[in-house]
Amino acid sequence: MAQELNNLTLSGDQKLDEQLNKWLEWDGNSKTRNDILQLAKSEKWDTLRCRLCNRISFGTAGLRGEMRAGFDSMNELVVVQTAQGLCAYIKEQYPDKSIWSERGIVIGYDARHNSKRFAELSAFVFLANGFRVYLFKRFVATPFVPFTIKQRNCLAGVQVTASHNPKQDNGYKVYWSNGAQIITPHDSGIHKSILQNLQPQGDVWNTNEATLWKNELLIDPYDIVAPAYYAALLSTIPEKLVKANAESPIRFTYTAMHGVGYPYVEEAFRKVNLQPVIPVVEQVEPDPEFPTTPMPNPEEGKQSLDLSIKTATEHKSQIILANDPDADRLAVAEISENNKYKLFNGNEVGALLAWWSIELHKINEPNFPLSNCVMIASTVSSKILKSMAAVDGFTAYETLTGFKWMGNKAIEEESAGRKVLFAFEEAIGFMVSTNVLDKDGVSAAAHVATMANYLRAEKNLTLQQKLQEIYNTYGYHTSNCSYVLCHDQEIITRVFNRLRTFDNGKPNTYPTSILYGEFEIQDVRDLTTGYDSSAADKRATLPVSSSSQMITFTFKNGLVVTLRTSGTEPKMKYYAEMCGKPEDKQWDKLTATLNRMVEAIVNDFYEPEKNNLRRKAAD
C-alpha cells in the first residue's frame, strides 16, 4: 500500500488526500479499492472529492444509495463501518455483556446484488463482539426482521435492502429492540458512533460463508420464526372466514417484482386457506437485474404492472396483488365493469383495510369498545381515518411520514392500554394489527384477499363497490399524489426557500392563493422550519427536521396539499386530497376541482419547466 501511495500524484487537497489514504488502507474489496485507485491515477479529483469527502448518512431509518466505491455510497467498507458503529452503539445502550449473546441481533437480506455479502460482513462484526446473531440463510421478506426482533427479544435488527429502488442501489435498514424502525435519538446516536468506529477491526475481510457458520453464536432463525409469523397472521382472521376462503371463486394474480415475496405470500395464502395465487411467471423469481421492470415499484402504476395485467387477463383473474422487491408494500388492482383493471392507490387500499380492521375487530373482540382502539396514518396520507373515527368512535392519529414514526406511535399507544388496529401510508404501506411494527406486504396480501372473498360471499360486493360504500358513509376522499424528479440539491433548496420567502424574500411568507386568487390558502405548516400559521404561537406540534423539506398548504375550500422531498429517491413529491362530507354527493366535481388545483400548484410552486424538473410519466 505504501508503494502505491508513493507512486501516486496526490491532489494537494489535504482533506481529499487524507480520505484517499484511508480508503486505500481500509478497503479490503479488491474491486472497489481498485476503482478508487484508478480514479486517483487518472487524477479525477472532483469525482474523488464527491466520493470520499462526503459520507452517506442515515435517512429513512438507515442507509440507502448507489452501490459503488466511496464513503458516499453503498459498498463493503461502508457496511463494515456501519455495522461497527451500530454494534458499538448497542453496547453503549446495553452495557450488560451477558445479554449480547443472550438476546443478540437479527440480520436479513433481499435478493439484490451484494445484499447477502453485506449481511455476512455485518454478522461477522457482531459475532466478533460476542453477540448472538440470527442471520437468515435465505432471501427474506423485510417484515420478518422486525417480527423476529419481537419473537426472539433481540436488541436490534438489520435488513439489507433498497426496497423498490433501481437495481444499482442497496440499503441498510435498522430496527431497534422494540421492533420498530429507529427514530431520534437512536438515528443520530448511531451515526455518531459510526464516525467513531471507521477503521475495520479484526479479520473481517477474510470472512466467508463457510467460516462464518462455524461460529456457535450464529443461528438461522427461519424455522423458528416463520411458523410463529404465520400463526400470528392466522390469529387475526376469524376461523369462519378462514374456512370460507376455500370456497371463494375469486382468483388472485400475484407478482413479486423480481423480489423475494413469492414463497412468503404463497405460504401465507396456504395458512389462511386461500386458493393458490396465479404467479406472474416472468417476475416471480428473485432477479437483481429486474429485467422486465427497471423501476420495480408497483406504486408507479400500470407502467410497472403490464405483465401482471396480461397474466390476470389470460387467466380471467379478478384481482392483482403486487409486492415490491422486499415485500413490505402491496399494490392492488381489480377488474372493472369495462373489463379493465382499476389500480387502487394507497389511500384507497388504506380506506378498505381500515374498514376491514374494524370488521375484524367486531368479530374477534365484540366486547372490546372501539373507543379504546386506535388507527394511525402519516401526515401525507388520506384523512379518511379521521372521518371514520368521527363516526365510529375510535381515535385516529397522524404522524410524520414513514413507518418509523407510525410503528413507534403504535408502541406508545399499546403501552397506554389502547388497541392499535391498523396503520397505513399512501405509498402502499399497510400494517394490519401490531404483529409486525412496520409495513407488511405479505400479511396485507392475505388480508386483502380474505376481505375480497368476504365481501363477495357476505355482501355480494367488489372492492370497488365497497369503497363507494365507505365514501357514502364517511364522505368522499379523492387524492392526487405524484412527484417530479430532481437530482440537484441546490435546485430543491431554491424551490422550497422561494415558497417560504414568497413576499420579496421575507421569512415565513408563503403563497396566499393559486389561479389568480380563485383558491385562497388558509394555513401553512412548514416542518422544515417549524412554522405553523394555524397555531397560536405559530409553532408546529409535529417534530421538525431541518434536513428535509416539507410544507403543507391548507386551502379554504378544504384541499390539503403537502410538498416534500423523498428520503430515499431523487423526488420532489406532492400529496393532495379533497375531503367531502357524507352529504356531498358531487364526487366528480370534487375530483375535477382537485386535479385543476394540483396542476396549478405543481406549475406555480415547483415550476418544472423553469427548474428542469422531469414529471412522472403518465400511465
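Owing to the predicted nature of the structure, the values given are computational and were not obtained by experimental measurement.

Cut-off values and rules
Residues numbered from 1 in each chain as written. Predicted model: local features only at pLDDT ≥ 70, side-chain atom pairs only at ≥ 80, totals over all residues. Heavy atoms only, no water. Buried < 20%, exposed > 50% of the residue type's maximum accessible area, 1.4 Å probe, protein only. Helix = DSSP H or I, 4+ residues; strand = E, 2+ residues; numbered from the N terminus. Contact = heavy atoms within 4.5 Å. Core = buried A, V, L, I, M, F, W, Y, C linked by side-chain atoms within 4.5 Å. Pairing = 2+ DSSP bridges. Axes fitted to C-alpha atoms, helices over the stretch in contact; angles between N-to-C directions. Left-handed = near helix turned anticlockwise from the far one by under 90°. Nonpolar A, V, L, I, M, F, W, Y, C, P; charged D, E, K, R; others polar. Phe/Tyr/Trp six-rings, centres within 6.5 Å; stacked < 30°, edge-to-face > 60°. Lys NZ or Arg CZ within 6 Å of the ring centre and 35° of its normal.

This paragraph deals with helix α8 (residues 144–152). Along α8, the residues classified as buried are F144, V145, P146, F147, T148 and I149. Check the buried side of α8 and you find it contacts β2 (105–109), β4 (156–160), β5 (169–176), α11 (222–235) and α13 (262–271). N153 lies just past α8 and shows a positive phi near 55°.

Let's shift gears to the nonpolar core. Ranked by size, the top nonpolar core spans 122 residues in total, and within it F144, L321, L463, F553, F555 and L563 carry the most contacts. Sequence-distant contacts of L463, defined by excluding residues within four places in its chain, comprise I319, V332, E334, F344, L352, V448, M451, A452 and L455. Ranked by size, the runner-up nonpolar core spans 43 residues in total, among them Y94, I99, Y109 and F124.

Following the sequence through the fold, E413 ends up in helix α17 (residues 403–415). Judged by relative accessible area, which is 2%, E413 ranks as buried. Those residues in contact with E413 that lie beyond four places of it in its chain are V374, Y397, R418 and V420.

Within strand β20 (residues 550–555), five of the six residues are buried, which leaves the element mostly enclosed by the surrounding structure. The pairing of strand β18 (residues 519–526) with β20 spans five bridges and is classified as antiparallel. Counted as the bridge partner of D526 is I551 from β20. One ladder, built from five bridges, connects β20 with strand β21 (residues 560–565); its direction is antiparallel. The residue of β21 that forms the bridge with T552 is T562. Joining the antiparallel neighbours β20 and β21 is a turn of four residues, in which G558 adopts a positive phi near 105°.

Reading across from one edge, β1-β5-β4-β2-β3-β6 is the order of the six strands in this open sheet, with mixed pairing throughout. A strand with exactly one partner marks an edge of an open sheet, and here the two such strands are β1 (62–66) and β6 (218–219). Pairing geometry for β4 and β5, over five bridges, is antiparallel. If you follow G157 over to β5, its bridge partner there is Y175. On top of the sheet, helix α7 (residues 115–128) reaches β2, β3 (133–135), β4, β5 and β6; it is set at about 165° to β2, its chief contact. Packed onto the sheet, α8 meets β2, β3, β4 and β5 and runs at close to 160° relative to β4.

Taken in spatial order, the five strands make up an open sheet running β8-β7-β9-β10-β11, and their pairing is mixed. Strands at the two margins of the open sheet, each flanked by one partner only, are β8 (278–279) and β11 (341–343). The pairing of strand β7 (residues 252–255) with β8 spans two bridges and is parallel. What sits directly across from T253, in β8, is I278. Across the sheet, helix α14 (residues 306–314) touches β7, β8, β9 (319–323) and β11, and the angle it forms with β7 is around 155°.

What follows concerns the packing of helix α5 (residues 76–93) against α7. Orientation of α5 relative to α7, taken along the N-to-C sense of each, is 35°, at an axis distance of 9 Å. The handedness of the crossing between α5 and α7 is right-handed. Contacts between α5 and α7 involve E76, V79, V80, A83, Q84, L86, C87 and I90 from the first element and R117, F118, L121, S122, V125 and F126 from the second. Residue classes in the contact of α5 with α7 are distributed as ten nonpolar, two polar and two charged.

With that out of the way, let us pick up the packing of aromatic side chains. Counting across every chain of the model gives 25 aromatic pairs. Ring geometry for W100 against F131: centres 5.4 Å apart, planes inclined by 0°, an arrangement best described as stacked. You can see W100 sitting in helix α6 (residues 98–102) and its partner F131 sitting in the loop between α7 and β3, a full 31 residues away along the chain. Using a relative accessible area of 0% as the deciding quantity, one classes F131 as buried. Among the aromatic residues, those joined into a ring-pair cluster are F144, F147, Y222, Y229, Y230 and Y264. For the cation-ring pair, R138 lies above Y222, with the distance from its terminal atom to the ring centre recorded as 3.7 Å.

Right, let's talk about unusual backbone geometry for a bit. Along the chain, T184 connects to P185 via a cis peptide bond; the corresponding omega equals 5°. Mapped onto the elements of the fold, P185 is located in the loop between β5 and α9 (186–195). Despite not being glycine, S433 has its phi angle at roughly 80°, a positive value. Tracing the sequence through the fold places S433 in the loop between β15 (429–432) and α18 (441–459). Residue S433 is classed as buried on the basis of its relative accessible area, which comes to 15%. One non-glycine residue with positive phi stands out, namely L515, at about 50°. As for its position among the elements, L515 is in the loop between β17 (513–514) and β18. The class of L515 is partly exposed, set by a relative accessible area of 24%.

This is a description of form; function is not addressed.
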